Amino acid sequence: MHLASSMAGVGFGNAGVHLCHGLSYSISGLNREYHAPHYPKEVKLIPHGLSVCITAPAVFAATADSSLDRHAEIAEILSGKPVRKEDAGQALSDTLREYLYDLDVLMVSMLSDLQRKIFLILLLVHFPQRRVLDLAPLSVAAEPLAEIYAGSMKNY
């Protein structure tokens, strides 16, 4: 299990899911209203996978400049359409939003529970997680992270 865990960590670190996972902890940890379908009604939670999905479109739009080729390739694979390198971030972000919409991931209602006024709290909660942030291919200052949180509030 330790070896498998280490290998998964290397894979996640190199796959570009660093910010999606790191930002998800503060989203699910501060949730007090939303309860996921198919979970007991008294359990107020945003499951980890769902909280990772919430930020994915905004994260990949923000990280595209770090590797336009990689982002364009993934956008082409997921969309089945050719993607120009300079459009890679937006194309990948839009494609992910389409998948989330098609899968009926209810991010709009989920995120309405997380008001914009708590962005500062989200950032303060998130900043201590240096192990996740340090893998990101962009600045992990408050402003870029706030933009990702804000971009995650409008996934449809």
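In the block above lies the structure referred to throughout.
Described below are features of the structure shown in this document. All values derive from a computational prediction rather than experimental measurement. (Residues numbered from 1 in each chain as written. Predicted model: local features only at pLDDT ≥ 70, side-chain atom pairs only at ≥ 80, totals over all residues. Heavy atoms only, no water.)

1. Let's talk about the overall build of the protein
Under the convention used in this document: Helix and strand assignments follow DSSP, with helices taken as H or I runs no shorter than four residues and strands as E runs no shorter than two, numbered in order from the N terminus. Partly exposed describes any residue whose relative accessible area lies between the buried limit of under 20% and the exposed limit of over 50%, with all areas from a 1.4 Å probe on protein chains only and scaled to the type maximum. Contacts: residue pairs with any heavy atoms within 4.5 Å of one another.
Scanning the protein from N- to C-terminus turns up nine helices and zero strands. For the protein, the N- to C-terminal ordering of α and β elements is α-α-α-α-α-α-α-α-α. In the protein, which comprises 156 residues, the share counted as buried stands at 42%. When contacts within the protein are restricted to residue pairs at least 6 apart in sequence, those whose partners lie at least 24 apart make up 63%.

2. Things to note about helix H4 (residues 68–79)
Note the threshold: In this analysis, the expected span of each helix is defined as 1.5 Å times one less than the number of residues it contains. Taking the helix axis as origin, the arc is that swept by the directions to the C-beta atoms.
Taking 1.5 Å per residue as the helical rise, H4 with its 12 residues ought to reach 16 Å, and the 16 Å between its terminal C-alpha atoms agrees with that figure. For H4, every residue scored as buried is listed here: His71, Ala72 and Ala75. Projected down its long axis, H4 carries its buried residues within an arc of 100°, all on one side. Looking one or two places after H4, you find Gly80, whose phi comes out positive at around 75°.

3. Notes on a nonpolar patch on the surface
Filter applied, for reference: For patches, a residue must show more than 30% relative accessible area and have no salt bridge; joins then use 9 Å for like charges and 5 Å for nonpolar side chains, namely Val, Leu, Ile, Met, Phe, Trp and Tyr. Here, Shrake-Rupley sampling with a 1.4 Å probe gives the accessible areas, and only protein chains in the shown set may cover a residue. What makes a salt bridge here is a side-chain nitrogen of Lys or Arg within 4 Å of a carboxyl oxygen of Asp or Glu, nothing more.
Taken together, the side chains of Ile74, Ile77, Leu78, Tyr99 and Leu103 present a nonpolar region at the surface, about 480 Å² in accessible area. Residue placement: Tyr99 occurs in helix H5 (residues 88–102).

4. Comments concerning the nonpolar core
Condition: Throughout this description, the term nonpolar core refers to a set of buried Ala, Val, Leu, Ile, Met, Phe, Trp, Tyr and Cys residues connected via side-chain atoms within 4.5 Å.
In this structure, Leu19, Cys20, Leu23, Ile46, Val59, Phe60 and Ile148 are the most contacted members of the largest nonpolar core, which totals 29 residues. Looking at this core, the elements with two or more residues in it are helix H2 (18–30), helix H3 (48–63), H4, H5 and helix H9 (142–152). Among the elements that take part in this core, H3 stands out by supplying seven residues, more than any other.

5. Details of the packing of H2 against H9
To be explicit about the condition: Each axis is a line fitted through C-alpha atoms, taken for helices only over the stretch in contact, and angles between the N-to-C directions span 0 to 180 degrees. Each angle is binned into one of four classes, with values under 35 degrees roughly parallel, values over 145 roughly antiparallel, values of 65 to 115 roughly perpendicular, and all other values oblique. Any residue that is not Ala, Val, Leu, Ile, Met, Phe, Trp, Tyr, Cys, Pro, Asp, Glu, Lys or Arg is counted as polar, Gly included; the first ten are nonpolar and the last four charged.
Running from amino to carboxyl end, H2 crosses H9 at an angle of 75°, the nearest separation of the two axes being 12 Å. Classified by the angle between their axes, H2 and H9 sit roughly perpendicular to one another. Here Leu19, Leu23, Ser26 and Ile27 of H2 come into contact with H9, specifically with Leu145, Ile148 and Tyr149. Residue composition of the contact of H2 with H9, grouped by class: six nonpolar, one polar and no charged.

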